[in-house]
Amino acid sequence: MIGQATNASGALYEQFWQASHEDQSQIKLDTITVGVIVVTQDPAFFQTGLSVLNDIRDYSFNQVHIQSDLPLQLLDLSYDELYLETRGKAIHFLKEQKKAINIQVIQCSSLAEATGKIVYSHALEEQSAFQVGMLFYDQASLGQSDDQIEKIDRDLDAFYCAMQKTGIPAFYTTFSTVTFIRSLRSPCRYLPQQYREIVRSQDPQVFQTELLCLWMDFFEMNYANRRVKPEGAAVLHNTLADQLIRFFEDVTPDRWLFSYYTGSIVSNLIGYLDKHAQAHGALTLRGPNEHAIACGAIANWQLYRMPFLGVVTSGMMDEFKGTLANLRETAAKGILVVAENRNNQWYSFQGTLTPTEDMREVLQARRIPYVYIHDVSQMTEGLTEVFRLYHLNQGPVVILATQNVLESSLPLEHVISDVSSLPIQPSDSSFISSEAFEQAMQLINDGPEKLIWQLGPVTDDEYALIHEIADEAGIALVDSLAHPGTAPKYYQGKLNPHYLGTLAIYGYSPRVYNFMHTKDKINPLHAQSLFMIKSRVAQITTPFSDGRLENKVHLVQLTHDEHHLSPYANIHLHMDCFAFLKAVKANLNVSDNLREKRQALIRTYLDSPSDVVSRLPTLPMSPNYFFSQLNRVIEDLIATQSYDYTGIYDVGRCGISAVRNVARTRRGFSGWYGRALMGDALMATTYLAHTSPTHVIAFIGDGAKGIVPDMLPAFIDNILTHPDSLNKSITVFYLCNGGLSVINTYQERILFNRTSRQMRLMNLDQPAFEQSINDFQIKNQTLTHFDETVIRDALTSPKRLNLFSVVLGHNNEGDGISLATAKGWQRDPCDKETLQQRTAAASPSETASQSFDHIQAKEVTS
């Protein structure tokens, strides 16, 4: 039994108790004293714990030393059936172990007090044999409410760091650290990093059994298991991780992206990277699945030229889906580490190298370079080849690594590829004297009057030069569905006088259509020329058929890759974009007369959505109306508040509508790039929220939302890790019209079929909620009407994620979904004279009444 001793000062109670054992000769007395730290202000909590330990004292403890500010009192335990069964199993296990330890129970009212007591006692008595074992943290007895998870994590981490600095050994696992809270966290729960979290049971029988289970888990894990040592939270060295960190620090010291989806075999590698990569330039962000890693890598490479490192476990190459091909197509520089089995294993779990399949053949077919490292002895050779392939600038390099390679901690010299042996890229000056360049310069300097440049993935520096050239030469600029915003409507806060709109297979602007057509006939070859800059002239870039591209469009193509040279181009400019632009700038000689004519033509064509329904507030709202109203708000914010944002556009009708109708201030990211995979843009939003220098607006259809995981949990995880990079507004519009609208329009407008079940989607009402995490606000709301006040506030409020479910209807009207809609009754005419005639005929109300009177008179006469 534990007897209570009183202290004259009342500040401290101490009691020693000697455990009795039937056979002391079988037990080797341990000289180490294990600290059991109990942070609570509740006497019942502390006394229940003491009573449970006392109940198994004969089988666990040699000597017990207790320090407490609370009364030392044993309670009468309830020997119900479950507790008796638990106690019996515990005693049986302890007898088998034949081990007993000394413990020192230290009760305190706070973690800070516990830290002070332990450190002071250690310094005073030099207790070299003392180590911190179990920590019970009773949050339920402190304050009015439970602290947030991240605060408890930080407080516990500070406690264990203080132990480490003082030289006090401590176990630091979820088996050793338990926090008791009042109730389940809601609406957002996530795994604590430093402890196990349990709701304090109000049932004494349950609580005492729970405490016994926690102690036995700790004892089994930390004292029955010889591999576990009280060494704190140190992460073992990982050779592969160290080499990758040092490589990226060498080649891109400023900032690179690290992302992963965990698995058992890669967990050690990830743990080391997670702990050490950030100090060497890495930004560690997570997505909800493997596919998201590739989406984030593509978006950040396209927009910011940020290299990446991704890690996934065995068999997960397939989970990258078509985005793996998009990574290669965009030539994103990065390394993907994928766990793989040994090639001599017989059908290993999740392995992709088996007698009946070989993932390496898939990578070869996709033209994706890889290196298979199956033994630690091959690491130097393998990494040298990986780094060489990285520097070839042909896209990501895949490392297929076995478990022993992924977990190796053996020393390895720093490996860096010898970039001096790589092919030397020709200098800029070697391209500018070609015949094709001279032909292009003649078009720019001498005519035609309509000169259109469609911009591919140009950089900020390249666009700055393009803007100057357009100004001096009178060139019209358009962007595309795959690269929206490469030519922005607003540049450096001002309306871009050269911007016409978007040219693409879908979503082309009526102003672009009208500029390129006269009376709905495409302008003749001699009247206009289309330059496609950094482009493959892929089908996505125009609404024109192959026949029209070949026979009706004068096309100049600029690309650095000879494999991208199009058979439809009249002039091939096979050269570096920036070199071309510098050469054009140096050779510009456009007459004032031609320049003014070109600029006048650009101003001639109306900047209008053209259709009537974009101004008609039906219920449900049409996409046309919603985006017209949204654009009005955004353009006003740009003009009055210098608003700047990065647009993100998913695959679907509403992504098309956003590209076509909402003004941009800079280049955005489009899921239409490459394979046009639904959900890519939504997955990329999680990453761009942190890397974008501006506000972020994402346009996500209900089809795209339903095809990928929910982005919110991963978003919250990144908030907890990087709260400082989110001083902006992130707005996600989930655009819900209950169907796959592009396919629906194809069926209804092109094939003249009715809607069928294959286009149907279920839109379930999402309850409104608000949640604050790390001073960052999350708001979820459904919009059935366009609420300008709510949207203005959302778009401009920093440190906020806005999730809007926008209820829309389906229609086939406009938004450039098909050339068939370009000549509909709602369209503005494509030539100026007809437009003026229609406007003059329709505007005076008296004209309409006179015409009606005339018709009535004729009827009467007849």
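Procedures and definitions
- Residues numbered from 1 in each chain as written.
- Predicted model: local features only at pLDDT ≥ 70, side-chain atom pairs only at ≥ 80, totals over all residues.
- Heavy atoms only, no water.
- Helix = DSSP H or I, 4+ residues; strand = E, 2+ residues; numbered from the N terminus.
- Buried < 20%, exposed > 50% of the residue type's maximum accessible area, 1.4 Å probe, protein only.
- Contact = heavy atoms within 4.5 Å.
- Areas by Shrake-Rupley, 256 points an atom, 1.4 Å probe, with all protein chains shown as cover.
- Axes fitted to C-alpha atoms, helices over the stretch in contact; angles between N-to-C directions.
- Parallel < 35°, antiparallel > 145°, perpendicular 65-115°, else oblique.
- Left-handed = near helix turned anticlockwise from the far one by under 90°.
- Nonpolar A, V, L, I, M, F, W, Y, C, P; charged D, E, K, R; others polar.
- 1 Å grid on protein atoms, 1.4 Å probe; cavity = no way out; pocket = protein on both sides within 12 Å on 5 of 7 lines; lining within 4 Å.
- Points joined across faces, edges and corners; volume = space filled by probe spheres on them.
- pLDDT = per-residue confidence, 0-100.
- Pairing = 2+ DSSP bridges.
- Right-handed = clockwise from strand over helix to strand, strands pointing away.
- Patch = residues over 30% accessible without salt bridge, like charges linked within 9 Å, V, L, I, M, F, W, Y side chains within 5 Å.
- Salt bridge = Lys/Arg side-chain N within 4 Å of Asp/Glu carboxyl O.
- Lys, Arg positive; Asp, Glu negative; His and termini not counted.
- Charge placed at Lys NZ, Arg CZ, Asp CG, Glu CD.
- Phe/Tyr/Trp six-rings, centres within 6.5 Å; stacked < 30°, edge-to-face > 60°.

- Within an unreviewed UniProt entry, the label attached to the protein reads Thiamine diphosphate dependent-3-acetyloctanal synthase PigD, and the organism entered is Vibrio spartinae.

Remarks on the overall build of the protein
Okay, step 1: For the protein, the count of helices and strands is 28 helices and 32 strands.
Okay, step 2: Split into buried and exposed, the 862 residues of the protein put 54% on the buried side.
Okay, step 3: In the protein, the proportion of contacts linking residues at least 24 apart, taken out of those at least 6 apart, comes to 77%.
Okay, step 4: Of the roughly 38,500 Å² that the protein leaves accessible, carbon and sulfur atoms contribute 50%.

Here we look at the packing of helix H20 (residues 623-641) against helix H26 (residues 788-796)
Okay, step 1: Relative to each other, H20 and H26 sit at 50°, their axes nearing to 11 Å. Compared by their axis directions, H20 and H26 come out oblique. Taken as a pair, H20 and H26 cross one another with a handedness that is right-handed. Touching Phe 626, Leu 630, Arg 632, Val 633, Ile 634, Asp 636, Leu 637 and Gln 641 of H20 are Glu 788, Ile 791, Arg 792, Leu 795 and Thr 796, all from H26.
Okay, step 2: For the contact of H20 with H26, the class distribution of residues is seven nonpolar, two polar and four charged.

Description of empty space enclosed by the protein
Okay, step 1: Here the structure, examined in full by the defined rule, presents nine cavities of 30 Å³ or more.
Okay, step 2: Taken as a whole, the largest cavity holds about 140 Å³ of empty space.
Okay, step 3: Lining of the largest cavity is provided by 13 residues; of these, Val 38, Gly 49, Leu 50, Leu 53 and Phe 136 occupy positions nearest its centre.
Okay, step 4: Breaking the lining of the largest cavity down by element, the ones donating at least two residues are strand S2 (33-39), helix H1 (43-55) and helix H6 (204-222).
Okay, step 5: Residue contributions to the lining of the largest cavity peak at six residues, all from H1.
Okay, step 6: Residues that form the lining of the largest cavity fall into these classes: twelve nonpolar, one polar and no charged.
Okay, step 7: Considering only enclosed or pocket space, the second largest cavity measures out at about 90 Å³ in volume.
Okay, step 8: Residue lining of the second largest cavity: 13 residues in total, with Pro 510, Arg 660, Thr 821, Ala 822 and Arg 827 positioned closest to the centre.
Okay, step 9: Top contributing element to the lining of the second largest cavity by residue count: helix H16 (residues 510-516), with three residues.
Okay, step 10: Class assignment for the residues of the lining of the second largest cavity results in four nonpolar, six polar and three charged.

A closer look at the side chain of Gln 599
Okay, step 1: Locating Gln 599 in the fold gives a position in helix H19 (residues 592-604).
Okay, step 2: Judged by its relative accessible area of 17%, Gln 599 falls in the buried class.
Okay, step 3: Apart from the residues within four sequence positions on either side, Gln 599 is in contact with Asp 471 and Gly 474.

Points about the confidence of the model for the protein
Okay, step 1: In the predicted model, the protein carries a mean pLDDT of 87, and 89% of its residues have values of at least 70.
Okay, step 2: Long-range and interchain partners of residues 1-29, a stretch whose pLDDT sits below 50, account for 67 contacts in this model, where long-range means more than four residues apart.
Okay, step 3: Considering only residues more than four positions removed or in separate chains, one finds that residues 426-430, a stretch of pLDDT under 50, has four contacts.

Let's talk about the pairing of strand S14 (residues 370-373)
Every regular strand shows the same layout, with side chains that alternate between the two sheet faces.
Okay, step 1: Of the strand pairs in this sheet, S14 and strand S15 (residues 397-401) are connected by four bridges, and their pairing is parallel. Of the residues in S15, the one forming a bridge with Tyr 370 is Val 398.
Okay, step 2: What joins S14 to S15 is helix H12 (residues 379-390), and the crossover it makes is right-handed.

What to know about a positive patch on the surface
Okay, step 1: There is a patch of like positive charges on the surface, built from Lys 521, Arg 548, Lys 552 and Lys 823.
Okay, step 2: Mapped onto the elements, Lys 552 comes out in the loop between helix H17 (546-551) and strand S24 (555-559).
Okay, step 3: The exposure class of Lys 552 is partly exposed, given its relative accessible area of 46%.

Quick look at the side chain of Ser 314
Okay, step 1: In this structure, Ser 314 sits in the loop between strand S10 (308-312) and helix H10 (323-329).
Okay, step 2: Overall, Ser 314 belongs to the buried group, its relative accessible area being 3%.
Okay, step 3: Setting aside anything within four residues of it in sequence, one finds Ser 314 in contact with Ile 265, Ala 339, Glu 340, Phe 349 and Gln 350.

A look at the packing of aromatic side chains
Okay, step 1: In total, this model carries 30 aromatic pairs according to the counting rule given.
Okay, step 2: Judged by centre distance (4.2 Å) and plane angle (35°), the ring pair of Tyr 160 and Tyr 172 falls under tilted. Of the two residues, Tyr 160 sits in helix H5 (residues 149-166) while Tyr 172 sits in the loop between H5 and strand S6 (177-181), which places them twelve residues apart along the sequence. The pair formed by Tyr 160 and Tyr 172 is uniform in burial state, with each residue classed as buried.
Okay, step 3: On the numbers, 5.8 Å between centres and 65° between planes, the contact of Phe 626 with Phe 786 is edge-to-face.

As for the sheet that holds strand S29 (residues 729-736)
Okay, step 1: Strand order in this open sheet of seven strands is S27-S26-S28-S29-S32-S31-S30, and the pairing throughout is mixed. Edge positions in the sheet fall to strand S27 (669-670) and strand S30 (769-773), since each of these pairs with one other strand and no more.
Okay, step 2: Sheet topology places S29 next to strand S32 (residues 800-807); eight bridges connect them, and they run parallel. Residue pairing for S32: Tyr 734 is matched across the bridge by Ser 805.
Okay, step 3: Each of strand S26 (645-649), strand S28 (695-701), S29 and S32 touches H20; the most contacted strand, S29, lies at about 165° to it.
Okay, step 4: Strands S29, S30, strand S31 (776-783) and S32 of the sheet are contacted by helix H24 (residues 712-721), whose axis makes an angle of about 160° with S31.

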